[in-house]
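In case you want the letters, here they are:
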Amino acid sequence: MAEQRLLAKADYQSGMKYKEIAEKYNVSLNTVKSWKQRYGWDRKKGAHNQKRAHTNKGGAPPGNQNAKGNRGGPGGPHGNDKAVTHGFFRKFLPDDTAAILDAIEDRSPLDMIWDQITIQYAAILRAQQIMFVKDREDVTKVLTESTDNAFGGSEKWEYQHAWDKHAAFMNAQSRAMTTLQGLIKRYEEMCRLGYADEEQQLRIKKLKGEVEKISGEEKKQPMHITVDYGDAP
């Protein structure tokens, strides 16, 4: 597979199109795009046009007035975005959003799903620290309201007990895991349809193992709260 990928890279740099490379090496179009993105394939500007014979000497046919009133110059009049990728969207979207669109131009659908998987998984791991409950004595006291007046003012506090915080964490974790597992299922479906190379298939297997460890922790016995009734009969 590695040797095949290197040969495909050389063909890409020589000017071959994605579809031509995919047919030559009997792989999917998305696999070729994934190789290009992951391994940073690059080629000189105009390489894909090197086989074409340019016979146009420039200029428009006699009598053509399509360019009448055009100030000309490199790229056309100031503010002309016709030659910019996603130029249509640049009329309506902020510059940073349009830049993101340009960056994901070569991302395959499989790569996009993988991006969502990694973002969701990272959020789940981060929640372990943010929503961690130490033990049943772990109580959080939060000031919710404070007022000052002639009589000294007043304050309102909210107490978040361990069992409440733990329940909220388990509910949020369960929803997040359901979303993650749905993304993983979709990714595996695309792998079975031939959209993934060997490396992409291996990485999802590794991630599934890590997710199963977290799921196993959720199935452990829940927190037990012991209530002391004193000397009651």
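Relevant structure appears above.
Residues numbered from 1 in each chain as written. Predicted model: local features only at pLDDT ≥ 70, side-chain atom pairs only at ≥ 80, totals over all residues. Heavy atoms only, no water.

Asker: I'd like to hear about helix α2 (residues 18–25), residue by residue, with values.
Answerer: By the burial criterion, the buried members of α2 are Tyr18, Ile21, Ala22 and Tyr25. Buried residues of α2, seen end-on, are gathered within an arc of 100° and therefore sit on one face of the element. Of the residues in α2, the exposed ones pointing more than 90 degrees away from the buried face are Lys19 and Glu23. Lining the buried residues of α2 we find α1 (2–14) and α3 (29–38). Asn26 sits one or two positions beyond α2 and adopts a positive phi of about 55°. (Buried < 20%, exposed > 50% of the residue type's maximum accessible area, 1.4 Å probe, protein only. Helix = DSSP H or I, 4+ residues; strand = E, 2+ residues; numbered from the N terminus. Arc of directions from axis to C-beta. Contact = heavy atoms within 4.5 Å.)

Asker: Report on the pattern of salt bridges, specifying residues and quantitative values.
Answerer: Applying the stated criterion across every chain yields a total of 7 salt bridges. Of the charged contacts in the structure, one is a salt bridge between Arg186 and Glu189, with a shortest N-O distance of 3.4 Å. Linking Arg186 with Glu189, this pair stays in helix α7 (residues 162–192), spanning 3 residues, or about one helical turn. Relative accessible area serves as the criterion here: at 41%, Arg186 is assigned to the partly exposed category. Looking at Glu189, the relative accessible area reads 27%, which means it is partly exposed. Close ionic contact of Lys208 with Glu188 constitutes a salt bridge, the shortest N to O distance being 3.0 Å. Here the residue Lys208 occupies a position in helix α8 (residues 198–218), and Glu188 occupies one in helix α7, the gap between them amounting to 20 residues. What makes Lys208 partly exposed here is its relative accessible area of 30%. (Salt bridge = Lys/Arg side-chain N within 4 Å of Asp/Glu carboxyl O.)

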